Structures are given as C-alpha cells and as structure tokens.
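Spelled out from the first residue to the last, the chains are:
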Amino acid sequence: MKNFVVKTIANAGALAVAVWLLDKITLTGDSTGKKIATLILVALIFGIVNFLVKPVVKLLSLPLLILTLGLFTLVVNALMLMLTSWLADKLDLSFHVDGFWTAVLGALIISIVSWALNVVLPDGD
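What counts, and where the lines are drawn
- Residues numbered from 1 in each chain as written.
- Predicted model: local features only at pLDDT ≥ 70, side-chain atom pairs only at ≥ 80, totals over all residues.
- Heavy atoms only, no water.
- Axes fitted to C-alpha atoms, helices over the stretch in contact; angles between N-to-C directions.
- Helix = DSSP H or I, 4+ residues; strand = E, 2+ residues; numbered from the N terminus.
- Parallel < 35°, antiparallel > 145°, perpendicular 65-115°, else oblique.
- Contact = heavy atoms within 4.5 Å.
- Nonpolar A, V, L, I, M, F, W, Y, C, P; charged D, E, K, R; others polar.
- 1 Å grid on protein atoms, 1.4 Å probe; cavity = no way out; pocket = protein on both sides within 12 Å on 5 of 7 lines; lining within 4 Å.
- Points joined across faces, edges and corners; volume = space filled by probe spheres on them.

Overview of the packing of helix α5 (residues 72–90) against helix α6 (residues 100–120)
Alright, step 1. Close contact between α5 and α6 brings their axes to 8 Å; oriented N to C, the two are set at 105°. Between α5 and α6, the crossing angle belongs to the class labelled roughly perpendicular. Mapping the contact onto sequence places Leu74, Val75, Asn77, Ala78, Leu79, Leu81 and Met82 in α5 and Phe100, Ala103, Val104, Gly106, Ala107, Leu108, Ile110 and Ser111 in α6.
Alright, step 2. By residue class, the composition of the contact of α5 with α6 is twelve nonpolar, three polar and no charged.

Regarding the layout of surface pockets
Alright, step 1. Taken as a whole, the largest pocket holds about 290 Å³ of empty space.
Alright, step 2. As for the largest pocket, its lining consists of 14 residues, of which Phe4, Lys7, Thr8, Asn11 and Gly47 are closest to the centre.
Alright, step 3. Mapped by element, the contributors of at least two residues to the lining of the largest pocket are α1 (2–21), α2 (32–52) and α6.
Alright, step 4. With six residues, α2 is the single largest residue contributor to the lining of the largest pocket.
Alright, step 5. By residue class, the composition of the lining of the largest pocket is six nonpolar, seven polar and one charged.
Alright, step 6. When its volume is computed, the second largest pocket comes out at roughly 150 Å³.
Alright, step 7. Counting residues per element, the ones that place at least two in the lining of the second largest pocket are α2 and α6.
Alright, step 8. Considering every element that reaches the lining of the second largest pocket, the biggest residue donor is α6, with four residues.
Alright, step 9. Here the lining of the second largest pocket is built from residues that sort into three nonpolar, five polar and one charged.

The quantities given are spatial measurements derived from coordinates; they are silent on function.
Below, the structure is given as structure tokens:
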C-alpha cells in the first residue's frame, strides 16, 4: 500500500511539473486545495491507465517498438496521457492536454520527473 501511495505522489508531482512547464497542459481550479485534489485524482487515473491499458498497447505495438529501437514508447506514453486527459474530462476534472505533440512533450517530462522522484522517494510495501 505504501508503494502505491509513493507512486501516486510521484505521478502527481510529475504531472504538476508538466502543467507548470507546458502552456497547453492545463489544470484549473478555484483554490490551491482543489487543484491539488484534482492533481491527485488525475495521478490516480494516470496510474490506472498505465497499469491496465499501457501493457496491451505495448504488446500490440511490439513490431513498431522493435523497429524504432524503443522510441515508439514516447508515442505510447503520449497516447496514455491523452487517454488520461479524455477520462478526466469525462469525470469532470479540470485537466486537459491540448494536442498530440504537447502530449509527447508532456509524456517525456512526466517520465523524467517521475523517474527522478521514484529514485528520491522511499520505496516499500
């Protein structure tokens, strides 16, 4: 359970950095508390999407992953971010990613920041 909480916090932090750096990834809210709650909910959605959908997409795109020596992973990550944005919209959360190339750059930022935070944050069960 502790590992799940740590990964969710890392995802929320990585999403916050992407929102802060990119103008076309938006997170709106009336107050800071509401923005933080929305960010945590979006991080949960992002984690669920990465857990359930991403392995299937990676398996189906295995030939492209091999052909591009793994660079297609950036496209898969961007699609997962866009799916998260779509689900957040359906759940009436104020998180939006505007466009594919923004999603690619956002996915790259999220991957790097999430990796760095997972190195720094404690890991346990």
